[in-house]
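Below, each chain spelled out in residue letters.
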Amino acid sequence: EVALHYCRLRHTDLAKCGLDFWYGVLAQHLGAASEEDDPFDEEGASLASQRAKEADGWAQARDPELENQRRALERPLLSPHIEKMVKAHWQAVRYPAEPEQEAHFDWDEFVRFREMCSINITEACLVVTPRWIIDQIGVLLEEICTRTPMVWQDIDACVFVLTGVASRAPAGQDTVIPRLIELLPQFQ
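Residues numbered from 1 in each chain as written. Predicted model: local features only at pLDDT ≥ 70, side-chain atom pairs only at ≥ 80, totals over all residues. Heavy atoms only, no water.

Asks: I tried to follow the overall build of the protein on my own but got confused; where do I start?
Replies: Counting its secondary structure elements, the protein contains nine helices and zero strands. Secondary structure of the protein in N-to-C order comes out as α-α-α-α-α-α-α-α-α. In the protein, which comprises 188 residues, the share counted as buried stands at 38%. Taking all contacts inside the protein whose residues are at least 6 apart in sequence as the whole, residues at least 24 apart take part in 73%. (Helix = DSSP H or I, 4+ residues; strand = E, 2+ residues; numbered from the N terminus. Buried < 20%, exposed > 50% of the residue type's maximum accessible area, 1.4 Å probe, protein only. Contact = heavy atoms within 4.5 Å.)

This is how it looks when you write it as structure tokens:
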């Protein structure tokens, strides 16, 4: 709950604390033995491969089938928490109504923060499935469409989350993305 709270804060330095927690949870679920073995770190990949060559790396010592079984056992335990994380991330990636009026708001920092959220959302698909996230966005979108006027920040957050899910979702198998595309011309 504390990590969820931190994700929703409008102060990006503090909100990153929550993101780091969720990032760590997902990294551990995917098999990282420590922070140094970050499965998302592309720059650190060459260092990790060098360490693996010099000694028996953690990835070489683990049986892939046992890792899959471990993840399958963890998934039901993690799912409710990751679902809450996805919902909190949707709130966190919303632009403020008046960014210039927000204390501590920095455009560049917020864009980087959103990208970190996107990484978490993309990897959350391995726990809660892309279909679940797309359906959640669909529920939010239906609620947003009942409001007058519709708030562009809400629509933008939906688009942003769906962009994070896109690489893991099967193409053309939902009604949410077409509905979202239908709504976009209504905004100016």
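Asks: How should I be thinking about the packing of helix α7 (residues 130-145) against helix α8 (residues 152-166) in this particular structure?
Replies: In a packed pair of helices, the relevant descriptors are the angle between the two axes and the axis-to-axis distance. Orientation of α7 relative to α8, taken along the N-to-C sense of each, is 170°, at an axis distance of 10 Å. By the angle class used here, α7 and α8 are roughly antiparallel. Contacts between α7 and α8 involve P130, I133, I134, I137, L141 and I144 on the former and, on the latter, D154, I155, C158, V161, L162 and V165. Residue composition of the contact of α7 with α8, grouped by class: 11 nonpolar, no polar and one charged. (Axes fitted to C-alpha atoms, helices over the stretch in contact; angles between N-to-C directions. Parallel < 35°, antiparallel > 145°, perpendicular 65-115°, else oblique. Nonpolar A, V, L, I, M, F, W, Y, C, P; charged D, E, K, R; others polar.)

Asks: How should I be thinking about the nonpolar core in this particular structure?
Replies: Across soluble globular proteins, nonpolar side chains show a tendency to be buried alongside one another. Core analysis: the biggest nonpolar cluster contains 39 residues, and I82, I133, V161 and V165 have the highest contact counts within it. Residues within four places of I82 in sequence aside, it is in contact with W22, V25, L26, A124, V127 and V128. (Core = buried A, V, L, I, M, F, W, Y, C linked by side-chain atoms within 4.5 Å.)

Asks: I tried to follow the side chain of D154 on my own but got confused; where do I start?
Replies: Looking at the secondary structure, you find D154 in helix α8. What makes D154 buried here is its relative accessible area of 3%. Here the side chain of D154 touches R94 through a polar contact of 2.4 Å, side chain to side chain. Among the polar contacts listed, one links the side chain of D154 to the side chain of R147, at a separation of 2.5 Å. Not counting residues up to four positions away in its chain, the partners in contact with D154 are W90, R94, I144 and R147. (Polar contact = N/O pair within 3.5 Å; in protein donor to acceptor, adjacent residues only side chain to side chain.)

Asks: Can you walk me through the pattern of salt bridges in this structure?
Replies: All chains considered together, the criterion is met by 12 salt bridges. The partner of E109 in a salt bridge is R112, with the nearest N and O atoms 2.6 Å apart. In this pair, E109 and R112 are both assigned in helix α6 (residues 107-128), three residues apart and thus about one turn of the helix distant. Across the salt bridge formed by R168 and E123, the nearest N and O atoms sit 2.7 Å from each other. With R168 in the loop between α8 and α9 (176-183) and E123 in helix α6, this pair connects stretches of sequence that are 45 residues apart. We classify R168 as partly exposed; its relative accessible area is 34%. (Salt bridge = Lys/Arg side-chain N within 4 Å of Asp/Glu carboxyl O.)

Asks: How do you make sense of the packing of helix α5 (residues 64-92) against α7 when you look at a structure like this?
Replies: Contact geometry of α5 with α7 gives a least axis separation of 11 Å together with a crossing angle of 45°. In terms of orientation, α5 lies oblique with respect to α7. In this structure, the crossing between α5 and α7 has a hand that is right-handed. On α7, the residues touching E83, V86, K87 and W90 of α5 are W132, I133, Q136, I137, L140 and I144. Classifying every residue of the contact of α5 with α7 gives seven nonpolar, one polar and two charged. (Left-handed = near helix turned anticlockwise from the far one by under 90°.)

On their own, these measurements won't tell you what the molecule is for.
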